[in-house]
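This is what each chain is made of:
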Amino acid sequence: DVKVTQSSRYLVKRTGEKVFLECVQDMDHENMFWYRQDPGLGLRLIYFSYDVKMKEKGDIPEGYSVSREKKERFSLILESASTNQTSMYLCASSLEGLPNTEAFFGQGTRLTVV
Amino acid sequence: KQEVTQIPAALSVPEGENLVLNCSFTDSAIYNLQWFRQDPGKGLTSLLLIQSSQREQTSGRLNASLDKSSGRSTLYIAASQPGDSATYLCAVRPADFGNEKLTFGTGTRLTIIP
């Protein structure tokens, strides 16, 4: 079974802190994604990576950065956390290019910024 | 820009009934469509993926259909059970080469009444 693991289920951070959310997948997938999910807004893509050290901005990249130094690991960084970044964060991975390739998600990280 | 809509936002049905969840999308140039389930506070679990060349996919009591030309997909759940209570999301992947990003609907929250 594909496994996508996010480092924390719950996090509470203070405004202005630098926050790291870590995601690891064990199926050698090329693609990795970070989404945030908010009530009424659904899932919105923050950043996407299609290879090591490669990244693309999604729909809402402001206030975030990412790092992909190894194929299996994709980190989301909040440079200076703000209360409007309180949300559920979801990491996903998928194989590149095939029409039958599914996206697999981690268990989510509920981040609260106080 | 692709838009994905799921109506209704919430649905309650008695246990044992068959039910249909709807997903519509505005751009028919898709690679595939995926249905997910999300339990409260958790990540997404992949249920079914339909490639653009397919009309149906089945897994147990679940059957998903795709009518690409009309921009619609349905998820049919037979003989519903209380354990089916969750939010169901659909997501489409665009057909343009190299674009691996999914667009999600905002989901249908399903409650099965015992």
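Residues numbered from 1 in each chain as written. Chains lettered and ligands numbered in written order. Predicted model: local features only at pLDDT ≥ 70, side-chain atom pairs only at ≥ 80, totals over all residues. Heavy atoms only, no water.

*Asks:* How should the state of the cysteines be read in this particular structure?
*Replies:* Residue and element names in this part refer to chain A. Scanning the entire structure with this criterion turns up 2 disulfides over all chains. Each sulfur of the disulfide joining Cys23 and Cys91 lies 1.9 Å from the other. Looking along the S-S bond of the Cys23-Cys91 disulfide, the torsion reads about -75°, which is the left-handed sense. Pair noted here: Cys23 is in strand S3 (residues 19-25) and Cys91 is in strand S9 (residues 87-94), with a separation of 68 residues, a long-range link. For the pair Cys23 and Cys91, a shared accessibility class is recorded, and that class is buried. (Disulfide = S-S within 2.5 Å. Helix = DSSP H or I, 4+ residues; strand = E, 2+ residues; numbered from the N terminus. Buried < 20%, exposed > 50% of the residue type's maximum accessible area, 1.4 Å probe, protein only.)

*Asks:* Could you clarify how one ought to interpret the sheet that holds strand S3 (residues 19-25) of chain B in this entry?
*Replies:* All names here are of chain B. In spatial order, the strands read S1-S3-S8-S7-S6; together these 5 strands make up an open sheet with antiparallel pairing. Each edge of the open sheet is held by one strand with a lone partner, namely strand S1 (4-5) and strand S6 (56-59). As paired elements, S3 and strand S8 (residues 72-77) share 6 bridges and run antiparallel to each other. Opposite Ser24, over in S8, you have Arg72 as the bridge partner. (Pairing = 2+ DSSP bridges.)

*Asks:* Mind showing me how you'd approach the side chain of Gln34 of chain B here?
*Replies:* Its place among the elements puts Gln34 of chain B in strand S4 (residues 30-38). A polar atom in the side chain of Gln34 of chain B sits 3.1 Å from the backbone nitrogen of Ala103 of chain A. Engagement of the side chain of Gln34 of chain B in a polar contact is seen with the side chain of Ser46 of chain B, the distance being 2.8 Å. Here Gln34 of chain B is in contact with Glu102 and Ala103 of chain A together with Ser46, Leu48, Leu49, Leu89, Cys90 and Ala91 of chain B, once residues within four sequence places are set aside. (Polar contact = N/O pair within 3.5 Å; in protein donor to acceptor, adjacent residues only side chain to side chain. Contact = heavy atoms within 4.5 Å.)

*Asks:* Would you take a moment to explain the interface of chain B and chain A for this structure?
*Replies:* Think of interface size as the accessible area that goes away when the parts come together; that is how it is often given. Between chain B and chain A, the residue contacts involve 19 residues of the former and 28 residues of the latter. Summed over both partners, the interface of chain B with chain A buries about 1800 Å², with 55% contributed by carbon and sulfur atoms. Taking the shortest distance from any N to any O, the salt bridge between Lys101 of chain B and Glu56 of chain A comes out at 3.2 Å. At the level of elements, S4, strand S5 (44-51) and strand S9 (86-94) of chain B are the ones that each hand at least two residues to the side of chain B that touches chain A. (Buried area = accessible area lost by both parts, 1.4 Å probe. Salt bridge = Lys/Arg side-chain N within 4 Å of Asp/Glu carboxyl O.)

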